[in-house]
Amino acid sequence: MIKIFCCFFQGEYVKNYVKQLYESVKDNYHGSDELEFICYSEDEKVKADRVIMLPKKSRIKAHWCKLNFFNPMFGDQKPGDDIIVMDIDQMVCGDLTEMITYQCGPNDLVSYESWWNRHKEKGNTITINGGWYKFKSGAHMYLWERFIRDPEYWQMYYYKNGTVHFPYYGEQNFVEDTVLKAKKNIAHLPGHWVTKWTNRLAEN
């Protein structure tokens, strides 16, 4: 079983992003393994195979909710399941089968390679992108255990030390730092499979 998890909460994006991602994943995956698309959402009407409701009150803020997916007790994960975590602000432009079935060892965390390495001189040396994680269910339970012991501390840690510029950012920094601390393996998908499109007119 392959389980794809995403998270939706009110903010920059609307629930139609979940619908677009769900439909494009289903239309562009042609593998033989069963695939379940699960959305952890504050809106029960998002389009998914299964919706798990976000709690109305929680110590866990915004995209830090994604760390729940590293807990093998979340979402009826089974030993041996392949877990993929996707952000909803992504556009699928072709066959996803190779990405979804990309080889993942028992201690691996597979991700995109970050495209903001130009910030390395400022101390942000992260190499992964939180828009895509793949791992074996339960392989990185230590991530969840470390985070949930003190979520308030970690959710502000990277803002307070100047690594990120907005409060409650830094989830992917936490993931990479914790994986490396545990001496587990980070792998990257082939770079030509992923790109970033930017509206330069909107930036100028």
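One can find the structure itself at the top, above this paragraph.
Starting afresh in each chain, residues are numbered from 1 along the sequence in its written order. This being a predicted model, a pLDDT of at least 70 is required before a residue's local features are given, and a value of 80 or more before pairs of side-chain atoms are given or counted; all residues contribute to the totals for chains, interfaces and linings. Heavy atoms from the whole structure form the basis of all side-chain values; hydrogens and water molecules are not counted.

Draft legend 1. Inspection of the packing of helix α3 (residues 141-148) against helix α5 (residues 171-181) at higher detail. It is at 10 Å that the axes of α3 and α5 come closest, and there the two elements cross at 115 degrees. Taken as a pair, α3 and α5 cross one another with a handedness that is right-handed. Contact with α3, carried on its side by Tyr142, Leu143, Arg146 and Phe147, involves Phe174, Val175, Thr178, Val179 and Lys181 of α5 and no other residues of that element. Tallied by class, the residues present in the contact of α3 with α5 amount to six nonpolar, one polar and two charged. Lines fitted to C-alpha atoms define the axes here, with helix axes fitted over just the stretch in contact, and angles between the N-to-C directions of these axes take values from 0 to 180 degrees. The way it works is that DSSP assigns letters per residue, a run of H or I at least four long becomes a helix, a run of E at least two long becomes a strand, and they are numbered from the N terminus. Left-handed is the label given to a crossing in which the near helix is rotated counterclockwise from the far helix by less than a right angle, and right-handed is the label when the rotation is clockwise. The contact criterion used is simple: two residues touch if any of their non-hydrogen atoms lie within 4.5 Å. When residues are grouped by polarity, Ala, Val, Leu, Ile, Met, Phe, Trp, Tyr, Cys and Pro land in nonpolar, Asp, Glu, Lys and Arg in charged, and all others, Gly among them, in polar.

Draft legend 2. Up close: the pattern of salt bridges. Here, a salt bridge means any side-chain nitrogen of Lys or Arg that lies within 4 Å of a carboxyl oxygen of Asp or Glu. Under the definition given, this model contains eleven salt bridges. A salt bridge links Lys3 to Glu36; the nearest nitrogen and oxygen atoms lie 2.7 Å apart. Separated by 33 residues along the polypeptide, Lys3 in strand β1 (residues 2-8) and Glu36 in strand β2 (residues 35-41) bring together distant segments of the chain. Both residues of the pair, Lys3 and Glu36, count as buried. Ionic pairing is found between Asp49 and Lys26, a salt bridge with its closest N-O pair at 2.7 Å. Taken together, the residues Asp49 in the loop between β2 and β3 (50-53) and Lys26 in helix α1 (residues 16-28) connect sequence positions 23 residues apart. By relative accessible area, Asp49 is classed as partly exposed at 36%. Burial classes follow relative accessibility: with a 1.4 Å probe on protein chains only, a residue under 20% of its type's maximum area counts as buried, one over 50% as exposed, and anything between as partly exposed. The class of Lys26 is partly exposed, set by a relative accessible area of 31%. The network of salt bridges with shared partners includes Lys3, Glu36, Arg50 and Asp76.

Draft legend 3. Broad picture of the pairing of strand β6 (residues 128-136). Most of β6 is tucked away, with eight of its nine residues classed as buried. A pair of strands counts as paired when DSSP detects no fewer than two bridges linking them. Strand direction decides the pairing type here: strand β4 (residues 82-86) and β6, joined by five bridges, are antiparallel. By the bridge assignment, Ile83 is partnered in β6 with Phe135. As defined by bridge partners, strand β5 (residues 108-113) adjoins β6 across four bridges and the pair is classed as antiparallel. By the bridge assignment, Tyr112 is partnered in β6 with Asn129.

Draft legend 4. Structural view of the packing of α3 against helix α4 (residues 151-160). It is at 6 Å that the axes of α3 and α4 come closest, and there the two elements cross at 95 degrees. By the angle between their directions, the pair α3 and α4 is classed as roughly perpendicular. Contact with α3, carried on its side by Arg146, Phe147 and Ile148, involves Pro151, Trp154 and Gln155 of α4 and no other residues of that element. When grouped by side-chain class, the residues that make up the contact of α3 with α4 number four nonpolar, one polar and one charged. Orientation is classified from the angle alone, with under 35 degrees giving roughly parallel, over 145 giving roughly antiparallel, 65 to 115 giving roughly perpendicular, and any other angle giving oblique.

Draft legend 5. Looking closely at the nonpolar core. We call a set of buried residues a nonpolar core when its members are Ala, Val, Leu, Ile, Met, Phe, Trp, Tyr or Cys and they connect through side-chain atoms within 4.5 Å of each other. Grouped together as the largest cluster of nonpolar side chains are 32 residues, with contacts concentrated most on Phe70 and Val175. The set of elements that each furnish at least two residues to this core consists of β1, β2, β4, β6, α3, α4 and α5. With five residues, α3 is the single largest residue contributor to this core. Filtering out sequence-adjacent residues up to four positions away, Val175 remains in contact with Leu67, Phe70, Leu109, Ile128, Tyr133 and Leu143. One finds Leu21, Tyr29, Val92 and Val110 within the second-largest nonpolar core, a separate group that totals 27 residues.

What is shown is where atoms sit, not what they do.
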